[in-house]
Amino acid sequence: MSRLGSVVLAGGGTGGHVYPLLAFADCLRRHDPDVTITCLGTTKGLENDLVPAAGYDLRIVPAHQLPRKPNIDLLKTLPRMARATKVTRGVMDEVEADAVVGFGGYVSVPAYLAAWRRKTPMVIFEFNDPVGVANRLGMRFDHTLAVGFPHLPQQVPALKDGTVTGVPLRTAISHLDRDARRAEARAHFGLDPDRPTLFVFGASQGANSINQAVAGAAKALTNAGTQVLHVIGARRDEPVEIPGDLAAPYVTMPFLREMELGYAAADLVLCRGGAMTCAEVAAVGLPAVYVPLPWGNREQYKNAGPVVAAGGGLFCDDADISPQWIERELIPVLQDKPRLADMGACAAAFGRRDGDEALRRLTLEAVGASE
């Protein structure tokens, strides 16, 4: 296999693009501390907070979101894209890029265009159904396609020729031993070491429907002997009122950076169905109740559907999540240890922990094939 001396990583906007990018960057650096890693982003994305904090070079590209419908912005797209592509190619020339790996988000578009013009090997990583606009455009050029989940090549025609690598995960999650770290994690949050534990979160911004349902069921949950670790969301303005004088610990926080500790503390997860969430929860072998976002193209149902079908989770529609649903449906699951164990084993069998290594191997093959 060829050596990767310099790699440009493109992906920004949301955590679903940035987190796998950073996990892959960490993998590259583990194998070669001298590799040059250059990340592309925009001024508005989550990458501005996460990439420099992780110790990687972030270059800002003047990329713009592609219009989904014909409108006045469509007329501005070509000159904007030409400028962004020129800037991106300049970065690639400066760092002498051997490969470009794109994770989606509109910053990936000029990266794909610049790689095509520069004849630089291009790897596109996709784990969503439907495929994002940026990656759909990148697939028009000569590329190597990496796919995050095994069901996608069968379900999405655009991904039928992709190589299933799994999703790159941070080593703190991919190497997590939940049993070994359970006592440490529960002590970290001030939880009881022995009570059944429900871990609630709704992605980085939280989910108001989940927040209100769990808060409303706080007395029923704790009276049943369950303790709760509840990440409300850093950007949520809606008040979440937790009753006092509960029978078991109920810990809230706006944001949790060390998600591995939340996973280690948990017996069951209540969450949305984002692709990154599904990848992490399944990889660590946690049973989950997925409450997908109720709009769009049912993307989150598609994300979580295979692990639910495999026995690793349950669905609850957003319209149905309520204190009454939690008391009627969720609490009995938490009290059924054999069922939780079976669900966790099914989730672990579906999940994959080596996505970063598999994507690295595929990238090396793409570079080798171009030489």
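What counts, and at which threshold
Position numbers for residues count from 1 along each chain, tracking the sequence in the order it is written. Reporting in this predicted model follows two pLDDT cut-offs: at least 70 for local features of residues, and 80 or more for side-chain atom pairs to be given and counted; totals over whole chains, interfaces and linings ignore these cut-offs and use all residues. With hydrogens and water set aside, each side-chain value is computed from the structure's full complement of heavy atoms. The way it works is that DSSP assigns letters per residue, a run of H or I at least four long becomes a helix, a run of E at least two long becomes a strand, and they are numbered from the N terminus. To sort residues, take the accessible area from a 1.4 Å probe on protein chains only and compare it with the maximum for the residue type: under 20% means buried, over 50% means exposed, and anything in between is partly exposed. Two residues qualify as a contact provided that any one of their heavy atoms is within 4.5 Å of a heavy atom in the partner residue. Salt bridges are identified by distance alone: a Lys or Arg side-chain nitrogen within 4 Å of an Asp or Glu carboxyl oxygen. When DSSP finds two or more bridges between two strands, those strands count as paired. Only C-alpha atoms enter the line fits that serve as axes; for helices the fit covers just the stretch in contact. Angles between N-to-C directions range over 0 to 180 degrees. Throughout, nonpolar core names a set of buried Ala, Val, Leu, Ile, Met, Phe, Trp, Tyr and Cys residues whose side chains join them through atoms within 4.5 Å. By this rule, a helix spans an expected 1.5 Å times one less than how many residues it contains.

Engineer: Account for unusual backbone geometry, naming residues and giving values.
Structural biologist: In this model, D129 is joined to P130 through a cis peptide bond whose omega is 10°. Within the fold, P130 resides in the loop between β5 (122-126) and α5 (133-138). Backbone geometry places K119, a non-glycine residue, at a positive phi of 60°. Within the element layout of this structure, K119 appears in the loop between α4 (108-118) and β5. Accessibility expressed as a relative area gives 74% for K119, which makes it exposed.

Engineer: Tell me about the environment of V107, and please be specific about residues and values.
Structural biologist: Tracing the backbone shows V107 in the loop between β4 (99-102) and α4. If we skip the residues at most four places from it in the chain, V107 touches A10, G11, G12, L40, G41, T42, V61 and A63.

Engineer: Quick rundown of the pattern of salt bridges? Include the residues and the values.
Structural biologist: For the coordinates displayed, the defined rule picks out 16 salt bridges. Across the pair R3 and D32 runs a salt bridge whose closest N-O atoms are separated by 2.7 Å. Of this pair, R3 sits in the segment before β1 (6-10) while D32 sits in the loop between α1 (15-31) and β2 (36-41), and the two are 29 residues apart along the sequence. Taking relative accessible area as the criterion, R3 reaches 53% and is therefore assigned exposed. Of the charged contacts in the structure, one is a salt bridge between R89 and D93, with a shortest N-O distance of 3.9 Å. Remark: D93 and R89 occur in helix α3 (residues 72-95); sequence separation between them is four residues, near one turn of the helix.

Engineer: Which residues make up the sheet that holds strand β13 (residues 313-315), and what values go with them?
Structural biologist: Hydrogen bonds between backbone groups are what pair the strands of a sheet, and the pairing can be parallel or antiparallel. Spatially, the six strands line up as an open sheet ordered β10-β9-β8-β11-β12-β13, and their pairing is parallel. One side of each edge strand has no neighbouring strand; the edge strands of this open sheet are β10 (250-253) and β13. Going from strand to strand, the sheet's axes swing by 15° on average, the running direction of each strand aside. As paired elements, strand β12 (residues 288-290) and β13 share three bridges and run parallel to each other. Bridge assignment links A288 to a residue of β13, and that residue is G313.

Engineer: Describe the nonpolar core, with residues and values.
Structural biologist: In this structure, L9, F199, F201, Y263 and Y290 are the most contacted members of the largest nonpolar core, which totals 98 residues. By residue number, the principal contributor to this core is helix α12 (residues 275-283), which donates seven residues. Other than its neighbours up to four places away in sequence, F199 contacts L229, V231, L256, M259, G262, Y263, A266, L268, V269 and L270. One finds I210, C316, W325 and L330 within the second-largest nonpolar core, a separate group that totals 25 residues.

Engineer: Break down the sheet that holds strand β3 (residues 57-60) for me, citing the residues and quoting the values.
Structural biologist: Overall, parallel pairing links the seven strands, which are arranged β3-β2-β1-β4-β5-β6-β7 in an open sheet. Single-partner strands in this sheet number two, and they are β3 and β7 (163-164). The pairing of β5 with strand β6 (residues 144-147) spans four bridges and is parallel. Counterpart to E126 in the pairing with β6 is V147. Packed on one face of the sheet, α1 meets β1, β2, β4 and β5 and runs near 170° to β1.

Engineer: How would you explain α1 if you had to name every residue and give the values?
Structural biologist: In an α-helix there are 3.6 residues to a turn, and that puts residues three or four apart on one side. Look at α1: 24 Å from first C-alpha to last across 17 residues, which is about the 24 Å you get at 1.5 Å a residue. Of the positions making up α1, those classed as buried are G15, H17, V18, P20, L21, L22, A23, F24, A25, C27 and L28.

Purely geometric stuff here, so don't read any function into it on its own.
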